Amino acid sequence: MEEVYSRNFIQEAIDKDLEQGHYDHVQTRFPPEPNGYLHIGHAKAICIDFGMAQQYNGECNLRFDDTNPTKEDVEYVDSIMEDIKWLGFKWNKVLYASDYFDDIYEAALTLIKKGKAFVCDLSADEIREYRGTLTEPGKNSPYRDRSIEENLDLFRRMTEGEFPDGAKVLRAKIDMTSPNLNMRDPVIYRILRAHHHRTGDKWCVYPMYDFAHPISDTVEGVTHSLCSLEFEDHRPLYDWVLREVGYENPSRQIEFARMNLNYTLTSKRRCLRLVRDGIVDGWDDPRMSTLCGMRRRGYTPEAIRDFCERIGVAKANSVIDFAILEACIREDLNKRAPRAMAVLDPIKLIVDNYPEDKVETFEVEVNPEDPSMGTRQVEFSKYLYIEREDFREEAPNKYKRMVPGREIRLKGAYYVTATGCEKDADGNITAVHCDYAPDSRGGDTADKRKVKGTIHFVSAAHAADAEVRLYDRLFNVPNPSDETGVSDFTENINPESEIVMANAKVESGLRNAKPGDKFQFMRQGYFCVDKDSADGKLVFNRTVGLKDSWSKINKQK
RNA sequence: UGCGGAAUUGUGUAAGGGUAGCACUAGUGACUCUGACUCACUCUGUUCGGGUUCGAAUCCUGAUUCCGCAGCCA
């Protein structure tokens with residue numbers, strides 16, 4: 001069978017570079033700044049950075065971009081590594097931009113000696129004024145023409161801590177009239193007396209991203225430095241730095257569009273709000289788009305990788321439909337998750353013609369999609385629980401579940417026919433009565449008579465108690481960061497994003513489930529055991545519901 | 001009124017002068033011991049004008065719209 005794989009524009013660029021001999025191998029890097037938790041948007045970058053290296057039998061390093069000690073925190077380093085490993089990628093080395101501080105410093109000296117960089121005494125405000133605007137050119141700094149000797153001396157003294165923070169900066173000498181603001185003598189070193197998590201107090205000057213990144217890439221041997229679209233304007237500077245410093249094998253920067261997912265938020269500022277204000281249960285709340293949140297929710301790395309593959313790579317900004325993510329996790333879990341019966345909103349079902357003390361155990365398949373997963377045991381007795389919504393006194397059109405006088409099947413056990421129900425003073429149904437058909441043992445009859453529906457159940461005496469948390473999208477608008485029409489983005493929060501079913505009954509086999517274990521609760525969705533579970537207390541998170549055509553029919557009515 | 005990008009069905013992504021395809025979504029039906037899965041069928045698209053060509057999403061040209069850029073952040 002011949003398959004045609006279409007290549008994305010990055011692969012095409014790499015192919016061409018390889019063909020033309022610009023590089024003879026491929027090396028990439030994933031360069032997070034350690035200042036927050038990784039989210040679904042990062043997953044795309046991770047898949048691309050690590051994925052490209054993998055596809056070309058090259059290497060990918062994890063390199064923390066720690067050039068600004070005032071904004072970074074070691075706290076995040078471990079969680080970032082954990083998330084990448086969890087996603088299923090292996091880095092060649094763990095590196096830090098700070099590993100290259102000496103190289104970067106040398107490069108700065110090289111530039112100064114070439115007359116391509118100068119020490120500037122302008123204040124931050126003045127630099128901004130001199131920079132000009134989008135439509136007007138900038139003006140040269142009065143310090144632009146200092147001699148090489150003076151620049152060397154001043155930069156040395158900056159490094160030695162002679163000047164206070166912000167008093168001077170080192171700037172590249174490029175072109176204050178460039179239509180690209182990034183080329184208007186950009187600052188490449190600033191004085192910052194901050195303790196660095198790696199280099200301690202060794203430095204009081206730190207390089208800017210635009211200077212540190214190309215040098216780190218090239219020194220490290222990165223061939224293709226893949227980043228997001230907003231750095232497109234920075235590429236001329238990236239190339240300028242490598243050319244002027246004089247590297248022989250400069251890295252090549254290629255930009256691709258970030259992923260945006262509708263109904264979700266990834267902005268650090270807003271996510272922090274959700275956490276700080278207690279709107280969610282922390283960074284790993286199952287509704288968060290952080291990788292740790294998604295992991296807790298029950299997403300698998302396979303599904304996330306598949307998702308990143310399906311959405312593709314391009315240069316056009318786009319918003320991915322949340323439904324694609326859901327399709328990915330359903331597809332993965334459908335073939336892998338063991339099935340179980342769980343009654344979320346229980347109502348008693350009494351089998352009147354079944355002996356009081358009798359208990360039968362039925363063997364039920366673990367996963368009809370994969371017979372190799374074997375079978376499990378499910379108890380049956382006179383007192384059961386079924387889902388409240390699986391019984392109606394009057395059957396609406398197309399309703400296939402339990403109705404007085406209609407024979408239906410209890411999954412894997414018997415056919416039963418409802419005979420009536422009990423109600424409390426308010427008219428709420430408190431119990432349903434039925435009779436079972438002894439000839440339907442195991443869920444089939446010799447006469448092959450059909451039933452309209454099959455519902456799930458648990459045996460009251462055997463079932464385990466559980467709390468089940470039903471999660472849904474956190475926001476009820478596609479673009480929650482769009483604050484037009486509301487005074488604050490939190491107004492767009494879906495009040496039903498978490499519904500706790502505190503009195504759920506689950507089949508006995510689930511008693512030993514461990515945090516992270518995943519199941520399909522039949523007819524309901526995919527669930528995983530939450531870390532809040534303790535001995536004797538099971539807590540499940542709904543990862544995603546099953547597709548539900550009944551609810552659509554029901555809604556139309 | 002500067003510079004850099006981008007426009008293909010509801011969403012995302014292919015097609016690189018020759019049948020506009022795929023996935024998700026939506027709809028219809030079949031099947032069903034999960035109203036799931038699976039299967040079948042269906043709907044909806046080349047931003048707009050011009051031009052070149054037997055033939056244009058693709059090449060040329062003009063326009064429009066959207067995104068990014070004025071941190072001593074990354």
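**Quick notes on helix α12 (residues 322-336)**
Here is step 1 of the chain: Relative to the 21 Å expected for 15 residues at 1.5 Å per residue, α12 spans 22 Å between its end C-alpha atoms, a close match to the ideal helical length.
Here is step 2 of the chain: The complete set of buried residues in α12 reads F322, L325, E326, C328, I329, D332 and L333. The arc enclosing the buried residues of α12, seen along the axis, measures out at 160°, which places them on a common side.

**Remarks on the packing of aromatic side chains**
Here is step 1 of the chain: According to the stated counting rule, one finds 26 aromatic pairs in the structure shown.
Here is step 2 of the chain: When the centroid spacing of 5.3 Å and the interplanar angle of 85° are considered together, the rings of Y37 and Y76 count as edge-to-face. One end of the pair, Y37, is in the loop between β1 (27-30) and α2 (40-55); the other, Y76, is in helix α3 (residues 75-87), with 39 residues separating them in the sequence.
Here is step 3 of the chain: Centre to centre, the rings of Y414 and Y436 are 4.7 Å apart; their planes meet at 70°, and the pair counts as edge-to-face. Note that Y414 is positioned in the loop between β18 (407-410) and β19 (415-423) and Y436 in strand β20 (residues 429-437), a separation of 22 residues in sequence.

**Things to note about unusual backbone geometry**
Here is step 1 of the chain: Phi at K448 takes a positive value of approximately 60°, unusual for a residue other than glycine.
Here is step 2 of the chain: Relative to the helices and strands, K448 is located in the loop between β20 and β21 (454-455).
Here is step 3 of the chain: Positive phi, normally seen in glycine, also occurs at R523, with a value near 70°.
Here is step 4 of the chain: For R523, the location among the structural elements is in the loop between β25 (518-521) and β26 (525-529).
Here is step 5 of the chain: You can call R523 partly exposed: its relative accessible area is 37%.

**Regarding the protein's contact with RNA strand B**
Here is step 1 of the chain: Around RNA strand B there are 68 residues in total, and E12, R339, R409, G442 and Q520 lie nearest to it.
Here is step 2 of the chain: The sugar-phosphate portion of RNA strand B accounts for 62% of its atoms within 4 Å of the protein, the bases making up the rest.
Here is step 3 of the chain: Between RNA strand B and the protein, one listed contact pairs a sugar or linking oxygen with a side-chain N or O atom of N317 at 2.9 Å.
Here is step 4 of the chain: Contacts to RNA strand B include E369, whose side-chain N or O atom sits 3.0 Å from a sugar or linking oxygen.
Here is step 5 of the chain: If you list the elements that add at least two residues to the surface near RNA strand B, you get α5 (124-131), β6 (187-191), α11 (301-311), β11 (318-320), α12 and α13 (549-556).
Here is step 6 of the chain: Grouping the amino acids of the surface near RNA strand B by side-chain chemistry returns 26 nonpolar, 17 polar and 25 charged.

**Describing the pairing of strand β16 (residues 375-381)**
Here is step 1 of the chain: Among the seven residues that make up β16, five are buried, leaving the element largely enclosed by the rest of the structure.
Here is step 2 of the chain: Where strand β15 (residues 359-365) lies against β16, seven bridges are found, and the strand directions are antiparallel. Paired with T361 across the bridge in β16 is E379.

**Quick word on the nonpolar core**
Here is step 1 of the chain: The biggest cluster of nonpolar side chains holds 53 residues, and the ones touching the most others in it are I10, I84, I304 and F307.
Here is step 2 of the chain: Among the elements that take part in this core, α2 stands out by supplying nine residues, more than any other.
Here is step 3 of the chain: Leave out the neighbours within four places in its chain, and I84 touches F30, L38, I46, F50, L62, F89 and W91.
Here is step 4 of the chain: In this structure, I104, L170, L192 and V245 belong to the second largest nonpolar core, which totals 33 residues.

**Points about the sheet that holds strand β27 (residues 538-545)**
Here is step 1 of the chain: Reading across the sheet, the seven strands line up as β12-β25-β26-β27-β23-β24-β13 and stay open at both edges, with mixed pairing between neighbours. Sheet topology places β12 (339-340) and β13 (342-343) at the edges, where each strand pairs with a single neighbour.
Here is step 2 of the chain: The pairing of strand β23 (residues 464-471) with β27 spans four bridges and is parallel. Of the residues in β27, the one forming a bridge with E467 is V539.
Here is step 3 of the chain: Against the sheet, α12 engages β12, β25, β26 and β27, with an angle of about 120° to β27.

**Structural notes on the confidence of the model for chain A**
Here is step 1 of the chain: Looking at chain A, pLDDT values average 96 and 99% of them are 70 or higher.
Here is step 2 of the chain: Scored as a whole, the predicted complex attains pTM 0.96, and scored at its interfaces, ipTM 0.96.

**What to know about the packing of helix α4 (residues 101-113) against helix α8 (residues 235-245)**
Here is step 1 of the chain: In the contact formed by α4 and α8, the axes pass within 9 Å of each other and the chain directions differ by 75°. Between α4 and α8, the angle is such that the two are roughly perpendicular. Residues A107, T110 and L111 of α4 form the contact with α8, whose participating residues are W240, E244 and V245.
Here is step 2 of the chain: Along the lines of polarity and charge, the residues of the contact of α4 with α8 split into four nonpolar, one polar and one charged.

What counts as what
- Residues numbered from 1 in each chain as written.
- Chains lettered and ligands numbered in written order.
- Predicted model: local features only at pLDDT ≥ 70, side-chain atom pairs only at ≥ 80, totals over all residues.
- Heavy atoms only, no water.
- Helix = DSSP H or I, 4+ residues; strand = E, 2+ residues; numbered from the N terminus.
- Expected span 1.5 Å × (residues − 1).
- Buried < 20%, exposed > 50% of the residue type's maximum accessible area, 1.4 Å probe, protein only.
- Arc of directions from axis to C-beta.
- Phe/Tyr/Trp six-rings, centres within 6.5 Å; stacked < 30°, edge-to-face > 60°.
- Near = heavy atom within 4 Å.
- Polar contact = N/O pair within 3.5 Å; in protein donor to acceptor, adjacent residues only side chain to side chain.
- Nonpolar A, V, L, I, M, F, W, Y, C, P; charged D, E, K, R; others polar.
- Pairing = 2+ DSSP bridges.
- Core = buried A, V, L, I, M, F, W, Y, C linked by side-chain atoms within 4.5 Å.
- Contact = heavy atoms within 4.5 Å.
- Axes fitted to C-alpha atoms, helices over the stretch in contact; angles between N-to-C directions.
- pLDDT = per-residue confidence, 0-100.
- Parallel < 35°, antiparallel > 145°, perpendicular 65-115°, else oblique.

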